[in-house]
Amino acid sequence: MESEKHNGTKLTGQRRVALLYDERMCKHENLHEDYHPETPNRIRSIWNKLQSSGITQRCVILDGKEAEDKNILSVHSKKHVNMIKKISSESDSRRLKIASKLNSIYFNGGSSEAAYLAAGSAIEVVERVASREFNSAVAIVRPPGHHAEHDEPMGFCLFNNVAIAATYLLEQRPELGIKKILIVDWDIHHGNGTQKMFWNDSRVLFFSVHRHEFGSFYPSNDDGFYTMVGEGAGAGYNINVPWENGRCGDADYFAVWDHILLPVAKEFNPDIIIVSAGFDAAIGDPLGGCRVSPFGYSVMLKKLMNFAEGRIALILEGGYNLDSIAKSMHACVEVLLEDEPIVGSSEAYPFESTWRVIQAVRQELSCFWPPLANELPQKLISQISPPPHTLISSSDSETEDDKGRQNSDLVELLQDVIKPLSDLKVDADNQIGDLNSWRTKLSNIYIWYASYGSNMWNSRFLCYVAGGQVEGMKRNCSGSMDKALPKATVWKTFPCHIFFGREATHTWGPGGVAFLNPEETSQHKTHMCLYKISLEQFNDILFQENGLSIDVVSPLVDITILDAISEKEFNSQEVKDGWYGNVVYLGKEQDIPVVTMTCSLADIEGFKSGKLPLKPPNEAYAKTLIKGLVEGKQLSEAEAIAYIEAASKSLICT
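Residues numbered from 1 in each chain as written. Predicted model: local features only at pLDDT ≥ 70, side-chain atom pairs only at ≥ 80, totals over all residues. Heavy atoms only, no water.

- As recorded in an unreviewed UniProt entry, the protein goes by the name Histone deacetylase 5, listed as coming from Stylosanthes scabra.
- Quoted straight from UniProt, the Cofactor (unreviewed entry) entry for the protein says "Zn(2+)". (UniProt positions renumbered as here; feature names shortened; annotations may be inferred.)

As structure tokens, then:
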């Protein structure tokens, strides 16, 4: 396989930047949950964004490369390496059993190859930056790595890609002259695995800024507290900045950069910088609950380019909002290329808790790093935002309290951040608009939502509107922002086929759930309950069906998408990676579009081929369908039972 592609574009006159992407890493996938955030579409969304913008034409494209065992063994135990190497050849039941004993891990037939590719690709990019072949490089890899410890995968991470790559430079390539490495981990979660691997090593300065909340945020321990500074030769070379709350944004991160990271980096003077580039602190991330913008990531990265002669390798970690992760990485690549000015600013103050944490970190580390010994000016730390609201979930969005963070005087205060960036630019689509503007636009546009599964029962459907749960459900629904009841309800039948698939769900437990094959067929007749709701509410139901927070900056289905699929019955468009991310147009009722949701066309093929399991529903789930059909006066109880049994036993209509 050709290892390098230049795309026919001359790279003279700009920094040489390499991008590494390999579709084989998409083979690692969770096939046993209705939604899992660590999905193959994470790296696909980044790659698609880079390609569509044309930025790949300005970079050198590298293929993935599998790591050798000897390099992985430099940070992981033999038992750990052997388990990951063999896991894909195990039976599915055996993989499930092994994963069940681990912390937030899944395996499938593609996991071994993906893990070896992610680790080897990290080595590939850091080696080629260290050798000065490239000024910078980006490895768009998965599974991520910074949680993986010496003898245990955890937190979606199988091998610790960054630690493997850094150790490779220090131990295997001394001729490259890399004696000091700065690892910057800006993933929202603490890089516990990376920290432990360099705990006693003064050659590596490990810096992590993360949500901690006094040990209650994942990985839910004390490892990420600011008192954890390293031991022995590594004392002072481990720096943790633990947020006490969510909702931290650009201003909070800029303050940490200016008053902790940059002064220490200047003193440390690294030979190369490796960024554990997780983007789950980005606005809209379902796990992170923070609000860093693409502009914010650009600023942080640009500041780091003042060190190590700009030799920086970005290695992807987390980030679970496909739109945010793509835009944030795109902004970073723009900065690495240094070819256009940034447009944007941050006119907000940090939280009071941010200044408190910064001061605590500086005090703890001042004996190791003299630039941190000076007290920060009172004028600086007294300019703060109102405290964030107490978080009730892991995902939070901007609300009215954010307006208190806006203050034009901060432009002068953060002059050293904004001014040097006047010759750089991030795409205009990276600017974050009014969170609620899309809701206002879609709240007065009505559609019929056609339900064919448990939502046929009105009581169950209203859980998605008002919140709550019905008998048989194992967890609550959050409900929609607009909790207004449907304007009307009607029943219709459609010439298509339903079936039941998947092993289990978080909501109902073991057993299949209903899916629709979005192909018109005269051989089948499917009963559906149609609810007249706003397009805003339909989006909130889509978010909930796919395991996402409703606190988002944009809808999954807007007017453009609705118009596009409404040209022909049974048109569909995949709007989200998830079990119900495919929106299908079924026609019109009273001149209003009728839409439903089902699995992707790729999943349909997976069910047909046997890659994905066809399973009958459990008793609790089946009862909701029966209640819906009976209370809706479509079928008698006996007829409803027969209807469900027939769908349970049949294969997908082709």
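## Description of the environment of Ser216
Here's step 1: Tracing the chain through its elements places Ser216 in the loop between strand 6 (204-211) and strand 7 (238-243).
Here's step 2: The class of Ser216 is exposed, set by a relative accessible area of 52%.
Here's step 3: Each C-alpha atom of the pair Ser216 and Glu244 lies 9.8 Å from the other, and the pair is 28 residues apart in sequence.
Here's step 4: A distance of 2.8 Å separates a polar atom in the side chain of Ser216 from the backbone oxygen of Glu213. (Helix = DSSP H or I, 4+ residues; strand = E, 2+ residues; numbered from the N terminus. Buried < 20%, exposed > 50% of the residue type's maximum accessible area, 1.4 Å probe, protein only. Polar contact = N/O pair within 3.5 Å; in protein donor to acceptor, adjacent residues only side chain to side chain.)

## Examining the packing of aromatic side chains
Here's step 1: Under the counting rule described, the total for this entry stands at 26 aromatic pairs.
Here's step 2: Arranged with centres 5.7 Å apart and planes meeting at 85 degrees, the rings of Phe156 and Tyr320 form a pair that is edge-to-face. Of this pair, Phe156 sits in the loop between strand 4 (136-140) and helix 6 (161-172) while Tyr320 sits in the loop between strand 9 (312-316) and helix 10 (322-337), and the two are 164 residues apart along the sequence. Like Tyr320, Phe156 is buried.
Here's step 3: Each residue in the set Trp186, Phe207, Trp257, Phe279 and Tyr297 is aromatic and connected to the rest through ring pairs, giving one cluster. (Phe/Tyr/Trp six-rings, centres within 6.5 Å; stacked < 30°, edge-to-face > 60°.)

## Here we look at the sheet that holds strand 18 (residues 582-589)
Here's step 1: Read across the open sheet, the six strands follow the order 11-16-10-19-18-17; overall the sheet is mixed. The open sheet has two free edges, formed respectively by strand 11 (489-494) and strand 17 (572-574), since each of these has just one partner strand. When the angles between neighbouring strand axes are averaged without regard to direction, this sheet yields 35 degrees.
Here's step 2: Across six bridges, the pairing between strand 11 and strand 16 (residues 526-534) is antiparallel. From the neighbouring strand, Val490 faces strand 16, where its bridge partner is Leu530. (Pairing = 2+ DSSP bridges. Axes fitted to C-alpha atoms, helices over the stretch in contact; angles between N-to-C directions.)

## Some thoughts on the confidence of the model for the protein
A low pLDDT means the predicted coordinates there should not be read in detail.
Here's step 1: Summarising the model, the protein shows a mean pLDDT of 88, and 89% of its residues fall at 70 or more.
Here's step 2: Overall, residues 8-12 carries pLDDT values under 50, and its contacts beyond four positions in sequence, including any with other chains, amount to six contacts.
Here's step 3: Across residues 389-434, where pLDDT falls below 50, the model places 112 contacts with residues more than four positions away in sequence or in other chains. (pLDDT = per-residue confidence, 0-100. Contact = heavy atoms within 4.5 Å.)

## Notes on the pairing of strand 19 (residues 592-598)
Here's step 1: In terms of burial, strand 19 is a largely internal element, seven of the seven residues being buried.
Here's step 2: Sheet topology note: the strand 10 (residues 446-451)/strand 19 ladder contains two bridges and is parallel. Residue Tyr449 lies in a different strand from strand 19, and its bridge partner there is Val595.
Here's step 3: For strand 18 and strand 19, the ladder comprises seven bridges, and the chain directions are antiparallel.

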